[in-house]
Amino acid sequence: MEESLEQILELSLTLLMLGGAVCACVFKDLLNAVIAAAFVSLMAAILFYFLQAPDVAMAEASIGAALTTAIFVIAIKKTKRVEEE
Amino acid sequence: MRILISCVLLVILSLGLVFALEQAPFGSNQIDNADKPGRFYLNQGMEKTGAANVVTSVVVTYRGFDTLGEVTILFIAAIGLGAVFHSRKKVKRYEKEKQSASLILQTGCRFLFPLIVLFGTYVFIHGHLSPGGGFQGGVIIASAFLLLFLGCEEKKIPMKSMNTVESLAGIIFVGIGLAGLYWGESFLENFLPRGMDYMLLSGGVIPIIYIAIGFKVGAELAGIVAGLIERNP
Amino acid sequence: MIVSIFLLVIGAAIVLCLIRLIKGPTATDRAVALDTVTTVTTALLVILALVFKRYIYLDVALVYAVLMFIGSVAIARFLEKGI
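Residues numbered from 1 in each chain as written. Chains lettered and ligands numbered in written order. Predicted model: local features only at pLDDT ≥ 70, side-chain atom pairs only at ≥ 80, totals over all residues. Heavy atoms only, no water.

(A) Molecular detail of the interface of chain B and chain C. Opposite the 17 residues of chain B that make contact, chain C presents 15 residues. Between chain B and chain C the total buried area reaches about 1,500 Å² when both faces are included, carbon and sulfur atoms providing 74% of it. Taken as a group, B:Phe119, B:Pro131 and B:Leu150 account for 34% of the area that chain B buries against chain C, more than any other trio of residues on that side. The interface formed by chain B and chain C includes zero salt bridges. The interface formed by chain B and chain C contains one residue pair in polar contact (both at pLDDT 80 or more). Elements with a contribution of two residues or more to the side of chain B that touches chain C: α5 (103–125) and α6 (134–151) of chain B. Per-class residue counts for the side of chain B that touches chain C are 11 nonpolar, four polar and two charged. (Contact = heavy atoms within 4.5 Å. Buried area = accessible area lost by both parts, 1.4 Å probe. Salt bridge = Lys/Arg side-chain N within 4 Å of Asp/Glu carboxyl O. Polar contact = N/O pair within 3.5 Å; in protein donor to acceptor, adjacent residues only side chain to side chain. Helix = DSSP H or I, 4+ residues; strand = E, 2+ residues; numbered from the N terminus. Nonpolar A, V, L, I, M, F, W, Y, C, P; charged D, E, K, R; others polar.)

In structure tokens:
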């Protein structure tokens, strides 16, 4: 791959991850924050894959996609859903 | 006013981090002196241990004691959660009114559960040949049990056998280390024969340790998810 | 040349899904956006495995294709109050 295309791809992935992380902090409804956190984990897994580390990418994918999302959703079910100031 | 001060502090902190990390030579081709352990593992890892995946041979053989510590940390976390759940009452299923799953979801979950368990088993058995390993395979198996909890609710997961499997797998890991001490020279040494390259039964002790870790992590995380769903907060 | 066109189209798809994730009025819109971005990401991982010419990297795409279904099922069961 050409050098400039690699750099553009890395930069855009990092900016998308930053956007998702800001959203995860700002949303008041906690279910939306959990979905934004799953998006951040997805971008991190693509970045690890792009830097030629498939073991780490597979670990991040399996933990961030299913397990963390489901555990947070169960915790929201047993407490309140909207965060109040 | 508070937001302004916190933004200024964040900018100062990030500038400090960027200037500190600029000095480190990330990603450049270091020759000889600074990168000797890395070059040694890459060039001679496969000849000495027999595993095609160098990351696996580093995690299990060269740094095996750290992996034992990591498995212990997971075990302590599961014990802590078990201590919190022990004094809570179980949720009675017929007291709550909740909607049962639709027919499509029930059939789909029943069909997919053995396939996902098979895929997780593939990932941790071929740990020394393809990317993956014990931890990744264990998490996939725990996700299969989570699907069974969400989709079909009338199937009960036997929690006693989960605890038994987890404890047995931990004992097997430490037992292999002690066997290395008895037959070899040191704790967790690779004492089985090396085998041919790229075969399933190669690499000495590495497949056996990864099978034990896969079972242990899978049973542990499935037990944690079951405790979270079934107990009151 | 053709690989560049593929990567640009997939990048545009991910940006559109992020816009729906930020804008969407209800939580259901955001859940659908997350599922779509995972499917597009699986295609991106397969194309990158073709570009790097290492075919053992395809296992990572398989893991994502299987596990995102379970995350979507968890969010959907919470939204219909059945968890």
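There's more to say after this.
(B) Spatial organisation of the nonpolar core. A:Met43 and A:Tyr49 are the most contacted members of the largest nonpolar core, which has 82 residues in total. If one sorts the elements of this core by residue count, helix α2 (residues 30–50) of chain A sits on top with 13 residues. Residue contacts for A:Met43: discarding those within four places in its chain leaves A:Leu13, A:Leu16, A:Met17 and C:Ile14. In this structure, B:Leu68, B:Leu188, B:Tyr210 and B:Val217 belong to the second largest nonpolar core, which totals 20 residues. (Core = buried A, V, L, I, M, F, W, Y, C linked by side-chain atoms within 4.5 Å. Buried < 20%, exposed > 50% of the residue type's maximum accessible area, 1.4 Å probe, protein only.)

(C) Representation of the state of the cysteines within the structure. All names here are of chain A. Scanning the entire structure with this criterion turns up zero disulfides over all chains. In this structure Cys23 is a free cysteine whose sulfur lies 9.4 Å from that of Cys25, the closest cysteine sulfur available. Residue Cys23 is classed as buried on the basis of its relative accessible area, which comes to 10%. (Disulfide = S-S within 2.5 Å.)

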